Amino acid sequence: MLGTNTKKETRQVTITLPHHSWSEVKALAGNGNIENVLSALIIRGLGVGEWSNAAALGYAIMAATDLGMNRKQINDLTTAMYRRFDRNTQAEAEQAYYEW
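Residues numbered from 1 in each chain as written. Predicted model: local features only at pLDDT ≥ 70, side-chain atom pairs only at ≥ 80, totals over all residues. Heavy atoms only, no water.

1. Regarding helix α3 (residues 53-66)
Stage number 1. Helix length check: α3, at 14 residues, gives a terminal C-alpha distance of 20 Å against a target of 20 Å (1.5 Å per residue), a fit within 8%.
Stage number 2. What α3 keeps buried is the set A56, L57, A60 and A64. Down the axis of α3, the buried side of the element spans an arc of 95 degrees, and every buried residue falls inside it. Seen from the buried face of α3, the exposed residues on the opposite side, beyond 90 degrees, are A54, Y59, M62 and D66.
Stage number 3. Summarising the contacts, the buried residues of α3 are in contact with α4 (71-87).
Stage number 4. One or two positions beyond α3, positive phi appears at G68, with a value near 85 degrees. (Helix = DSSP H or I, 4+ residues; strand = E, 2+ residues; numbered from the N terminus. Expected span 1.5 Å × (residues − 1). Buried < 20%, exposed > 50% of the residue type's maximum accessible area, 1.4 Å probe, protein only. Arc of directions from axis to C-beta. Contact = heavy atoms within 4.5 Å.)

Following this line, the structure appears as structure tokens:
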């Protein structure tokens, strides 16, 4: 997780994206700073933001509990998810969700 005391470095880069992606970036920025939006997206993509595998497993455990799944079923679910963390990227997981 990127903390407030983490040493930061500024670099000038050129980013090429499809037009629709730039539209989304501009929408996320609103009247704010596009550089801040891009920085946050990169940090999240690198996995150093607020999201973690532990958070994903925690959500799954809470949802499974809400559905009345027993401990064995929840263990099977979290084991399967844990294996997927090593086989698939977060982008692939998001795509699977959107296609569901």
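2. Thoughts on the side chain of T78
Stage number 1. Within the secondary structure, T78 is located in helix α4.
Stage number 2. What makes T78 buried here is its relative accessible area of 14%.
Stage number 3. The contact partners of T78, leaving out residues within four places of it in the chain, are L57 and I61.

3. A few points about the packing of aromatic side chains
Any aromatic ring pair is given by two values, namely how distant the centres are and how the planes are angled relative to each other.
Stage number 1. Tallied over the full model, the rule gives two aromatic pairs.
Stage number 2. Both rings, one in Y97 and one in Y98, keep their centres 5.2 Å apart while their planes meet at 65 degrees; by these two values the pair is edge-to-face. Each member of the pair, Y97 as well as Y98, carries the same accessibility label: exposed. (Phe/Tyr/Trp six-rings, centres within 6.5 Å; stacked < 30°, edge-to-face > 60°.)

4. Considering the pattern of salt bridges
Stage number 1. Under the criterion given, the structure shown has two salt bridges.
Stage number 2. Among the salt bridges present, the one from E9 reaches R11, with a minimum N-O distance of 2.6 Å.
Stage number 3. Looking at E9, the relative accessible area reads 59%, which means it is exposed.
Stage number 4. With a relative accessible area of 63%, R11 lands in the exposed category.
Stage number 5. D76 is paired through a salt bridge with K72; the nearest N and O atoms lie 2.8 Å apart. Of this pair, D76 and K72 both sit in helix α4, separated by four residues, roughly a single helical turn. (Salt bridge = Lys/Arg side-chain N within 4 Å of Asp/Glu carboxyl O.)

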